[in-house]
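Chain and residue survey
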Amino acid sequence: MSVAQNLHVDDSRHAALSIATMPPPVGGLSREDYRNAMARLGAAVNIITTDGPGGRAGFTASAVSSVTDTPPTLLVCLNRSASVYPAFRDNQALCVNTLGPGHQHLSNLFGGKTPMAQRFAACDWKTAASGAPILAQAAVSFDCRVTSRTCIGTHEVLFCQVLAVELGAGTGSLVYFDRRYHEIGVSG
Ligand SMILES: NC(=O)C1=CN([C@@H]2O[C@H](COP(=O)(O)OP(=O)(O)OC[C@H]3O[C@@H](n4cnc5c(N)ncnc54)[C@H](O)[C@@H]3O)[C@@H](O)[C@H]2O)C=CC1
Ligand SMILES: Cc1cc2nc3c(=O)[nH]c(=O)nc-3n(C[C@H](O)[C@H](O)[C@H](O)COP(=O)(O)O)c2cc1C
């Protein structure tokens, strides 16, 4: 069979499969190997919040990155199978609340299967200009408007223009590395 015929066969098979059952590409890495490698990348921990026509929601995310400062833009990767996905799909307001030392319980609360009302009842909130909730205790908050979205595999990548930032009082950071939390920049 020619290469072209092979590609045709692969394409039609993939079209009939859901994302969950799709096999890795030929010669590709397993999800386990990829995750084990990614566990070696330290990342800040954030609670991503939203409010609007899709309702109020929030989840924990480490897949957050700066894209450009002109215009100030960051990105957030959200698994489309998460319970919060419909809210983020239907709202344009989004706030990235970066956690600090001692916030492990908030990360676990927003990263678990906890009902939404229970997640929000655990801490204090203000409302950003966009309408998204700002975590009062955050190390820093980025109030954003979602300007663009792209689906890659299981996730949606949300590109977010930063409308305003709010700096918290603390200087430390909560980092997720090797499947555990680490506190850095804590003075004293
Ligand atoms: N980007 C994401 O969607 C992330 C999801 N998680 C979720 O949190 C839970 C615990 O994670 P860990 O303790 O770090 O162990 P893990 O073995 O599930 O993940 C190790 C690393 O792989 C990456 N990763 C995990 N799941 C991913 C996904 N579905 N898509 C893209 N990258 C992914 C992350 O960098 C993560 O720190 C898991 O349910 C995991 O799915 C954690 C970090 C990032
Ligand atoms: C430290 C940590 C980092 C996470 N990072 C992400 C992320 O970047 N993107 C994502 O979609 N889910 C991420 N998750 C998982 C979501 O927080 C989790 O799926 C969601 O809050 C719970 O989903 P549920 O509401 O469907 O129960 C992370 C979880 C933890 C604990």
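In this text the structure is predicted, and so the values were computed from the model without any measurement.

Around ligand 2 lies a shell of 17 residues, among which Phe59, Ala61, Ala63, Ser83 and Gly111 are the nearest. Within the residue set of the shell around ligand 2, elements represented by two or more residues are strand S3 (57–61), strand S5 (72–79) and helix H4 (104–110). For the shell around ligand 2, the residue count by class is ten nonpolar, six polar and one charged.

Residues annotated in UniProt with the feature "domain: Flavin reductase like" (unreviewed entry) correspond here to residues 38–183. The distance separating the terminal C-alpha atoms of residues 38–183 is 19 Å; by composition the span is 14% helix and 50% strand.

This part covers the confidence of the model for the chain. The predicted coordinates should not be examined in detail at positions where pLDDT is low. On average, the chain scores 88 in pLDDT, and the residues at 70 or more come to 85%. Every residue in residues 1–20 scores below 50 in pLDDT, and together they form five contacts with partners more than four places removed in sequence or on other chains. Among the prediction metrics, the complex's ipTM stands at 0.97, with pTM recorded as 0.90.

Read across the open sheet, the seven strands follow the order S3-S2-S6-S9-S10-S5-S4; overall the sheet is antiparallel. The open sheet is flanked by S3 and strand S4 (64–69), the only strands paired with a single partner. Between one strand axis and the next, the sheet turns by 30° as a mean value, whatever way the strands run. Summarising the sheet, S4 and S5 pair through five bridges and their orientation is antiparallel. Pairing of Thr68 across the sheet is with Thr73, part of S5.

In the vicinity of ligand 1, the residues found are Arg35, Met38, Ala39, Ser62, Ala63, Cys77, Asn79, Thr154 and Arg179. Residue assignment for the shell around ligand 1 shows that the elements contributing at least two residues are helix H2 (31–38) and S5. Here the shell around ligand 1 is built from residues that sort into four nonpolar, three polar and two charged.

On to unusual backbone geometry. Where the residue is not glycine, phi is negative for most of them; where a peptide bond is considered, it is trans in most cases. Between Thr70 and Pro71 the backbone carries a cis peptide bond, its omega angle lying at -5°. Mapped onto the elements of the fold, Pro71 is located in the loop between S4 and S5. In this model, Asp178 sits at a positive phi of 55°, which is unusual for a non-glycine residue. As for its placement among the helices and strands, Asp178 is situated in the loop between strand S11 (173–177) and strand S12 (180–184).

Time to look at the pairing of strand S6 (residues 93–98). Of all six residues in S6, five are buried, a share of seventy percent or more. In the sheet, strand S2 (residues 46–50) pairs with S6 via four bridges, with the strands oriented antiparallel. Paired with Asn46 across the two strands is Thr98, which belongs to S6.

Okay, the sheet that holds strand S1 (residues 43–44) next. Strand order in the open sheet formed by three strands is S1-S11-S12, with antiparallel pairing between adjacent strands. Strand pairing shows two members of the sheet lacking a second neighbour, S1 and S12, which therefore form its edges. Strand direction decides the pairing type here: S11 and S12, joined by five bridges, are antiparallel. Looking at the pairing, Ser173 lines up with Ile184 of S12.

Definitions and cut-offs
- Residues numbered from 1 in each chain as written.
- Chains lettered and ligands numbered in written order.
- Predicted model: local features only at pLDDT ≥ 70, side-chain atom pairs only at ≥ 80, totals over all residues.
- Near = placed C-beta within 6 Å.
- Helix = DSSP H or I, 4+ residues; strand = E, 2+ residues; numbered from the N terminus.
- Nonpolar A, V, L, I, M, F, W, Y, C, P; charged D, E, K, R; others polar.
- UniProt positions renumbered as here; feature names shortened; annotations may be inferred.
- pLDDT = per-residue confidence, 0-100.
- Contact = placed C-beta atoms within 7 Å.
- Pairing = 2+ DSSP bridges.
- Axes fitted to C-alpha atoms, helices over the stretch in contact; angles between N-to-C directions.
- Buried ≥ 20, exposed ≤ 12 C-beta atoms within 10 Å, placed from the backbone.

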